[in-house]
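Architecture at a glance
Single-letter residue listing:
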Amino acid sequence: MYETNYHRAGSVAEAAEKMAGADDGKFLGGGQTLLPTMKQRLAAPSDLIDVTKIAEMKGICADGDGVSIGAATTHAEVAGSDLVKQTLPGLASLAGGIGDPAVRHMGTIGGSIANNDPAADYPAALVALGATVITSKRELAAEDFFTGMFETALEDDEVVVSVKFPGAAASAYAKYPNPASRYAMAGVFVAKGKDGGVKVAVTGAGQDGVFRMSAMETALAGNFSPDAVAGIAPNADDLLSDLHGSAAYRANLVTVMAKRAIAAAG
Amino acid sequence: MAVEGIGARALRKEDKRFITGKGRYTDDMTMPGMGFAAFVRSPHAHAKVTGIDASAALAMPGVDAVLTGDQLIGDGIGNLICGWMIHSKDGSPMKMGGWRALEPEIVRHVGQAVAVVVADTQAQARDAADAVVVDYEELPAVIDPLAALEPGAPQLHPEAEGNLIYDWEIGDEAATNAAFEKAAHVTRMEIHNNRLVPNAMEPRAALAGYDAAEEHYTLYTTSQNPHVARLVLSAFYNVAPEHKLRVIAPDVGGGFGSKIYIYPEEMVCLWASKRVGRPVKWVSDRTEAFLTDAHGRDHRSEAELALDADNRILGFRVKTVANLGAYMSLFSSSVPTYLYATLLSGQYDIPAIHANVKTVYTNTTPVDAYRGAGRPEATYLLERVMETAAREVGLSPAEFRRKNFIRTFPHQTPVIMCYDAGNYDATLDAALKAADYDGFAARKAEAASRGKLRGIGLSCYIEACGIAPSAAVGSLGAGVGLWESAEVRVNPVGTIEVLTGSHSHGQGHETTFAQLISERFGLDTDAVSIVHGDTDKVQFGMGTYGSRSGAVGMSAIVKALDKVEAKAKKIAAHLMEAAEGDIQIEGGELKVAGTDKKLSFTEVALAAYTAHNLPEGMEPGLKEGAFYDPTNFTFPAGTYVCEVEVDPDTGKTEVVSFVAADDFGNIINPMIVEGQVHGGITQGIGQALLENASYDENGQLLTASYMDYCMPRADDVPSYQLSTHVTECPGNPLGMKGCGEAGAIGSPPAVINAITDAIGNNGLSMPASPEKVWALCQAGMRQAAE
């Protein structure tokens, strides 16, 4: 690891102020991606601004018929929340399947979505559930927030404060993990809105990060069953291909995981 | 603790410190004023080094020195060597290319060291290593071993024309060819044994110090064999004379073979400690470990099995190309020859075998022995072919094997080995029963109802441990003898220190070896200390690898114990005025048979050291040493049965049951043996399903971290069903065979045989990644549809 300056911010305003004063600063959430990257000397921020102790960025509360989750809330807290389990069981199960227990007790929802790893789990939930990302500057619809692989709409001095999820009639997530890293090779989040509309979002497979499967959504609107999507797969040309899985294999996994998520959503 | 002798499931004495974080590993050691080393490594697989500019690095804070290969050579430091001479079939010696610890001219694999920085702190050393500017002129690289043998392939070493190190053979080619001419059926397969990275939990490390006044060196290092390290460092690398070099391997956190060898980094630290004038520490990070720890396996083979009309084996013909990487590591030449092709007879009576092995240089990390070393490659080859042949001729794989078992011993195979004892029916029967082999069809049908493809696979392995009579291995090219030494030192108060040349890197020697003493004298195991891993304390030793510490290391202890016992009995007889033959040792006492006269072990030990009243002419003291040279290899064997369920939608394989029935000969501590088998099987399942060192065409290791290199985890394996079945090894005093590698040797073919059975497609290579298995399932479904 290269030398870096560590700051602990007490408020969102202070975090922004510290960032403005830094040469090449980075906001630090649970550090589950950033710190290993720094340890490998692949990243060398001049300053780390730790936002996990900011009170307004922590905790889970009911918000209308949905839930609002502070950006500094850990995956374990989301997975263990009775409110989330009752309101959005798919989201709770997704959080409970991220990484391993150590990761889940350090990693945060804000850190995960701000990093927007194409194989991270949360982006699929945010997009399928139609979540709103509340930042230090504005509110963004999830689909506008995620802009590409490791890319978001966040500006350099902008930090995620919370994520607001509307309620859903049903939700479920199924992922096929990379055998080595256990990141998603294909993760599919299926959400049935209270209005009956269905959204299907895919992570782990797309070259540009999370994407929606509109063909599946259409098919499910009339027939919310695994069979409805059995013949629907994304175009392999748009998918990732690497050591662990070709694009064709990932395309298949998207279909299989979609079926499993739909079955789990009931 | 208590008196826990042979057969007791004694808890491991060493675990108290290991599980409370009190182990002392090389990185825990310090020396006053020590600096830290960081290596400058090649980013290219093959390149000329055209310039090294260290000026910026030397100007950085805390930096003592930047050393390069020119300085190393200038100081007379020798090349790294391979210590086992193999001759090609034309009689010519193997072609060993030069390997310098710091390369000044041509780098031959990614990660090869070209310079070292020594600085006050590890961070300063790393920062400065980043600032060393090395100019390279890239050369074409060759990664694939078969491509390396093609005409026009990039050449690695001038010594090895066409990248061929040797072209070796074993067995009777004419007799084997004749067997194929009269065969009723021939099974042919191409088999790839995938390259693995050892991944010991503790990475390699070194701490070297030089005492200028005494002209004496001390090296703490992560070694499975510190005496061999000292010998090689002095005799071949010319770093320090043997009597001026102390090598200490403290607690060692795993090795699997990778810590047998003497690597550039450890040697450079030793050399640099004198050159820079301060102790030098280096600890490998995980990326360096992936790039520089000797890899394992990497064989490409063609195998043919000839059967007669009654499905008895007539002959076995094998051609193998083994990838040794960019340089010949210490024992690399022996692995694909005498540790591999000599096991190709397996458990079967095969009249004729011929194997041809070519070894090749490629621009990859050097390859050497890794848990099993040659024997997993032989077992995988033979057991895949046996299973396939059984399917082709329509016999049950179990019965086909049984039909061809060796049943009389000793049995001379056509490939050097003479099996001394075994009972292959016993382990096969036990495994089939434990696995409920006969009930498989019902389980398969039940799995099918859940949409899963269930398969069952066997592997009947044999291996050779306790390598081996020194004269025999010498005649086969080994540069060292493979005996072991021990010293049993009884203290005046009757406690005992056993100094052994074996060195534990996780095997539990401190417990198992103490059980021997407990058994012999009826003493508490807490009264026994095992001393190992320090060349200043232990007389000499060949170290721990090849499952040899039981069969060879403990045999040496037994010989020393025999001498101690004889002397103690003489003293006791003298003191109690009895005949020596009437003295019996029981429960920590020396008794005169048939009387109530007795002396405690402590009283006899004290008498030996006070020397007030010893038999006429006897030397004082109670301390004896012994060297034990084995009379033969030992031959552990067994049957493994694996059952899998494949999800045809994703190609994911779940190992749902795994049965191991092993014959390790006599067992000292069943709990520790079970632990060895568990670890070995898990590594074997890792090789079969998950692990693969994968290079791109430019020689970049794609799997250089745990993000991409998949180690087996607890949820990848089932709970194992183990049993042991003893045929005593006649070759050593304890009747032991060895158990350290069997799990890794026997398990991969069982897994692959099970998957190929499940999916009905035999064209599967390791690792059986989900995508590969899925693709074969898809192909099968397409075929079925047509």
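Residues numbered from 1 in each chain as written. Chains lettered and ligands numbered in written order. Predicted model: local features only at pLDDT ≥ 70, side-chain atom pairs only at ≥ 80, totals over all residues.

Where an unreviewed UniProt entry is consulted, chain B appears under the name Xanthine dehydrogenase family protein molybdopterin-binding subunit, with the organism given as Roseibium sediminicola.

Taking an unreviewed UniProt entry as the reference, chain A is identified by name as Xanthine dehydrogenase family protein subunit M belonging to Roseibium sediminicola.

All right, on to the overall build of chain A then. In terms of regular secondary structure, chain A is built from 12 helices and 14 strands. On C-alpha atoms alone, chain A measures out to a radius of gyration of 18 Å, which is about the 18 Å that the 2.2 N^0.38 rule sets for 266 residues. Taken along the three principal axes of its C-alpha coordinates, chain A extends 55 × 45 × 30 Å. Within chain A, buried positions represent 51% of all 266 residues. Across chain A, every contact between residues at least 6 apart in sequence was considered, and the portion connecting residues at least 24 apart equals 61%. (Helix = DSSP H or I, 4+ residues; strand = E, 2+ residues; numbered from the N terminus. Rg over C-alpha atoms; globule rule 2.2 N^0.38 Å. Buried ≥ 20, exposed ≤ 12 C-beta atoms within 10 Å, placed from the backbone. Contact = placed C-beta atoms within 7 Å.)

With 11 residues of chain A at the contact, the number on the chain B side is 12 residues. No other element matches helix H12 (residues 247–265) of chain A, which puts four residues into the side of chain A that touches chain B. Residues of the side of chain A that touches chain B, tallied by class, amount to seven nonpolar, four polar and no charged. (Nonpolar A, V, L, I, M, F, W, Y, C, P; charged D, E, K, R; others polar.)

With that settled, the discussion passes to the UniProt feature "domain: Aldehyde oxidase/xanthine dehydrogenase a/b hammerhead" (unreviewed entry) in chain B. Under the UniProt annotation, the feature "domain: Aldehyde oxidase/xanthine dehydrogenase a/b hammerhead" (unreviewed entry) is placed at residues 20–140 of chain B. Segment residues 20–140 of chain B splits into 17% helix and 29% strand. End C-alpha atoms: 50 Å apart. (UniProt positions renumbered as here; feature names shortened; annotations may be inferred.)

All names here are of chain A. You can read the domains of chain A as domain 1 (5–50), domain 2 (60–165) and domain 3 (170–265). Between domain 2 and domain 3, the residue contacts involve 24 residues of the former and 27 residues of the latter. Where the side of domain 2 that touches domain 3 is concerned, the elements lending two or more residues are helix H5 (89–96), helix H8 (122–129) and strand E8 (146–148). Looking at the side of domain 2 that touches domain 3 element by element, the count peaks at six residues for H8. When its residues are assigned to classes, the side of domain 2 that touches domain 3 shows 15 nonpolar, seven polar and two charged. (Domains from an automatic or database assignment.)

Another point: the UniProt feature "domain: FAD-binding PCMH-type" (unreviewed entry) in chain A. According to UniProt, the positions carrying the feature "domain: FAD-binding PCMH-type" (unreviewed entry) are residues 1–170 of chain A. The span residues 1–170 of chain A is 36% helix and 24% strand, and its two end C-alpha atoms sit 44 Å from each other.

Residue and element names in this part refer to chain B. As for its placement among the helices and strands, Ala 431 is situated in helix H12 (residues 424–434). Residues Ala 431 and Trp 483, spaced 52 residues apart in sequence, show a C-alpha to C-alpha distance of 34 Å. Once you skip the residues sitting within four places of it in the chain, Ala 431 turns out to touch Thr 639, Tyr 640, Val 641, Val 659 and Ala 661.

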